[in-house]
Amino acid sequence: MDAYRIFALRYAGPEESSQALLLWNRDWDQRVERAYYFWCLLGPEGPVLVDCGVSPERAAQRNLKSYVNPVELLRGLGVEPHEVRHLVLSHLHWDHCGGAALFPQAQVHLGRAEWEFWSTSPLVRRSIFTILHDPGDQAALVAAQEEGRLHLHAGDAPLAPGLELIAAPGHSPGLMALKAVTENGEAVVASDCGHTFANFREDWPSIFIFDLPAWLLSMKRLRNLVSSPELLFPGHDIAMSQDYPEVAPGVTRLV
Ligand SMILES: [Zn+2]
């Protein structure tokens, strides 16, 4: 089976925060850098994205530092927006789904529990959830649904040969990771199931957890799915920019 290459595209940051944001309730006095990413997988199924960055309007509203339009970043890989076959939205926090309208032809894949929570729960209007999600971002997904491009998955699901959606709830109600066959073995783009490599390594959550028991089970499962620990990739670790070869501005090859 042909292998996929996985690229991390940094669309904003670095930004500095307390370590306690990324490792829950630990190291309050330590400052760490994090960045904002989405991922592109290149292989037989054509370009597949995990998450999509955010639109310029959303970046301005959220005051994102060092923002780059995701479309521009992708061009560094020679990929045009209309060529993106599949867009996997790991979850519906604003920093992961706010650019969906930039890819109007992609088949959009999402956890059913994620969609239902943000679409129907009255809890999403409470302030702890409004900081994580912009209701305006649903519009692009509703459009995808009307066009028959929105695919809701209740659990693990094959996406294409060598690619499998993996249900990994905990950080959010229906987070989906993507497992891919690579030349180094099975890799998982886990997005915010862990914000940094340390969350996986130390079995310790970040500050944003929707369901802690579910998170603990997902974490264990993802660790068992990869061929080696370094093939499990987190959502915001600045190491994805610093420790891997840069193939275009803001774009590094993870595997
Ligand atoms: Zn995030």
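Residues numbered from 1 in each chain as written. Predicted model: local features only at pLDDT ≥ 70, side-chain atom pairs only at ≥ 80, totals over all residues. Heavy atoms only, no water.

A. Spatial organisation of the coordination of the zinc ion. Looking at the zinc ion, one finds its protein donor set to be Asp95 (OD), His96 (NE2), Asp192 (OD) and His236 (NE2), positioned 2.1 to 2.3 Å from the metal centre. Of note is the zinc ion, whose four donor atoms meet at the metal with angles of 83 to 165° in an arrangement that counts as irregular. All donors to the zinc ion come from one chain, and their sequence spacing reads D-H-x95-D-x43-H. Of this pair, His96 sits in helix H4 (residues 94-97) while Asp192 is found in the loop between strand E10 (185-191) and helix H8 (197-202), placing the two residues 96 residues apart along the sequence. As far as burial versus exposure is concerned, His96 and Asp192 are alike and both buried. (Donors = N, O, S within 2.8 Å, 3.2 Å for Na, K, Ca; no water. Tetrahedral: all angles 85-135°; square planar, octahedral: opposite > 155°, others 65-115°. Helix = DSSP H or I, 4+ residues; strand = E, 2+ residues; numbered from the N terminus. Buried < 20%, exposed > 50% of the residue type's maximum accessible area, 1.4 Å probe, protein only.)

B. Fine view of the pattern of salt bridges. In total, this model carries 15 salt bridges according to the counting rule given. A salt bridge links Arg85 to Glu45; the nearest nitrogen and oxygen atoms lie 3.2 Å apart. Here Arg85 is found in the loop between helix H3 (70-75) and strand E4 (86-88), whereas its partner Glu45 is found in the loop between strand E2 (31-42) and strand E3 (48-50), with 40 residues between them in sequence. By relative accessible area, Glu45 is classed as buried at 16%. Arg58 serves as the salt-bridge partner of Asp137, at 2.6 Å between the closest nitrogen and oxygen. In this pair, Asp137 sits in the loop between helix H6 (127-130) and helix H7 (138-146) while Arg58 sits in helix H2 (residues 56-61), placing the two residues 79 residues apart along the sequence. Within this structure, Arg58, Arg62, Asp134 and Asp137 form a network of salt bridges that share partners. (Salt bridge = Lys/Arg side-chain N within 4 Å of Asp/Glu carboxyl O.)

C. The arrangement of the pairing of strand E5 (residues 107-111) in detail. Along E5, four of the five residues are buried, which leaves the element largely enclosed by surrounding structure. In this structure, E4 lies alongside E5, joined through three bridges in parallel fashion. Paired with Leu87 across the two strands is Val108, which belongs to E5. Direction of pairing for E5 relative to strand E6 (residues 150-153): parallel, over a ladder of four bridges. For His109, the partnering residue across the bridge sits in E6 and is His151. (Pairing = 2+ DSSP bridges.)

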